[in-house]
Each structure stands twice: as structure tokens, then as C-alpha cells.
Amino acid sequence: MKLIFSSLFVLLVSAANALVLDAPPASGWKAKETVTEGWQSSAADPPSFTLMLYTGTAGETFFLGNHQTADDTATFTLPGVSPGSYHLGAVNTTNLNQVWAVTGQFNITAA
Ligand SMILES: *[C@@H]1O[C@H](CO)[C@@H](O)[C@H](O)[C@H]1NC(C)=O
Ligand SMILES: *[C@@H]1O[C@H](CO)[C@@H](O)[C@H](O)[C@H]1NC(C)=O
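Reading the values: rules and limits
- Residues numbered from 1 in each chain as written.
- Chains lettered and ligands numbered in written order.
- Predicted model: local features only at pLDDT ≥ 70, side-chain atom pairs only at ≥ 80, totals over all residues.
- Helix = DSSP H or I, 4+ residues; strand = E, 2+ residues; numbered from the N terminus.
- Contact = placed C-beta atoms within 7 Å.
- pLDDT = per-residue confidence, 0-100.
- Near = placed C-beta within 6 Å.
- Nonpolar A, V, L, I, M, F, W, Y, C, P; charged D, E, K, R; others polar.
- Pairing = 2+ DSSP bridges.

### Here's the deal with the overall build of the protein chain
Within the protein chain, the regular secondary structure consists of one helix and nine strands. Listing each helix as α and each strand as β along the protein chain from the N terminus yields α-β-β-β-β-β-β-β-β-β. Sequence-distant contacts in the protein chain: of pairs separated by 6 or more residues, those separated by 24 or more amount to 62%.

### Some remarks on the confidence of the model for the protein chain
With 84% of its residues at a pLDDT of at least 70, the protein chain reaches an overall mean of 87. Below a pLDDT of 50 lies the segment residues 1-8, which in the model reaches zero contacts outside its immediate sequence neighbourhood of four places, other chains included.

### A look at the site of ligand 1
Taken together, Pro 46, Asn 92, Thr 94, Asn 95 and Gln 98 make up all the residues around ligand 1. Class assignment for the residues of the shell around ligand 1 results in one nonpolar, four polar and no charged.

### Observations concerning the environment of Leu 96
Mapped onto the elements, Leu 96 comes out in strand S8 (residues 95-102). The sequence separation of Leu 96 and Thr 50 amounts to 46 residues, and the corresponding C-alpha distance is 7.8 Å.

### Let's talk about the sheet that holds strand S3 (residues 34-40)
Spatially, the three strands line up as an open sheet ordered S1-S3-S6, and their pairing is antiparallel. The open sheet has two edge strands, strand S1 (20-21) and strand S6 (73-77), and neither has a second partner. One ladder, built from five bridges, connects S3 with S6; its direction is antiparallel. Residue Glu 37 lies in a different strand from S6, and its bridge partner there is Ala 74.

Written out as C-alpha cells, the structure is:
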């Protein structure tokens, strides 16, 4: 079941873009800490996107701001989320269901 869910999630990522989110550090992130996330893009990508934080399990989402694609990096403070497994998504600013890029799972530890 878990495998089916992750496959579906991958399929939802639009193939018609070059936006790639960098993986957070292998050591993970800490809740409420200020982090920097980078990405790679091409001129054909949308000019801006919304960065979302998704939980691995309960389907909870957290808004990490709108970002200019050309910036290639963003620094922001993580919300006080519960420790656990998360991934990031870059989505359409006006249609959060349109996912352009996702990272693999990474851990967020307690603040
Ligand atoms: C983002 O979503 C809106 C609303 O669905 C749509 O009109 C727009 O074309 C989408 N943007 C891109 C770059 O696909
Ligand atoms: C993430 O946390 C889980 C549960 O504590 C642990 O088993 C796993 O090794 C951790 N992953 C990484 C990349 O640290």
C-alpha cells in the first residue's frame, strides 16, 4: 500500500518542467530552525512556485512561502512541526495540487 501511494505521488509530478529541489542534508532538519533550500531550474520553468512541506504519513501540509524560481535558493524558518518524516514539494502558487518537484523523505527532529 505504501508503495502504491508513493508511486502515485511521483506520477502527479508534472514531467514538463526542469525544476529540481535539492535534498535537505542527510542529518535532516530541526523544527523551528532557519534553513536554506536550493533548487535547479531552467528558463522554461514557471517564474515562481510555492514551497510546501508534507508529512510522510498523515497527509498534513505546511506552507513554506512563495519563491522566485530565478533565486535558486531560499532561507526560511521551519514551523514547529512534530518530529518525523517529511518531504518538500514545489507547487503552482495558485493550484497547490499541481506539483512540479518533490524531494525524497527526510527527518525533522524536535526543536
Ligand atoms: C497554475 O495554476 C493555474 C490555476 O489552475 C493555471 O491557470 C496556471 O496555468 C498554472 N501555472 C502553470 C505555470 O502551469
Ligand atoms: C529518520 O528517523 C527514523 C525514525 O527515527 C530512523 O529510523 C531513520 O534512520 C532516520 N533517517 C535518517 C536519514 O536519519
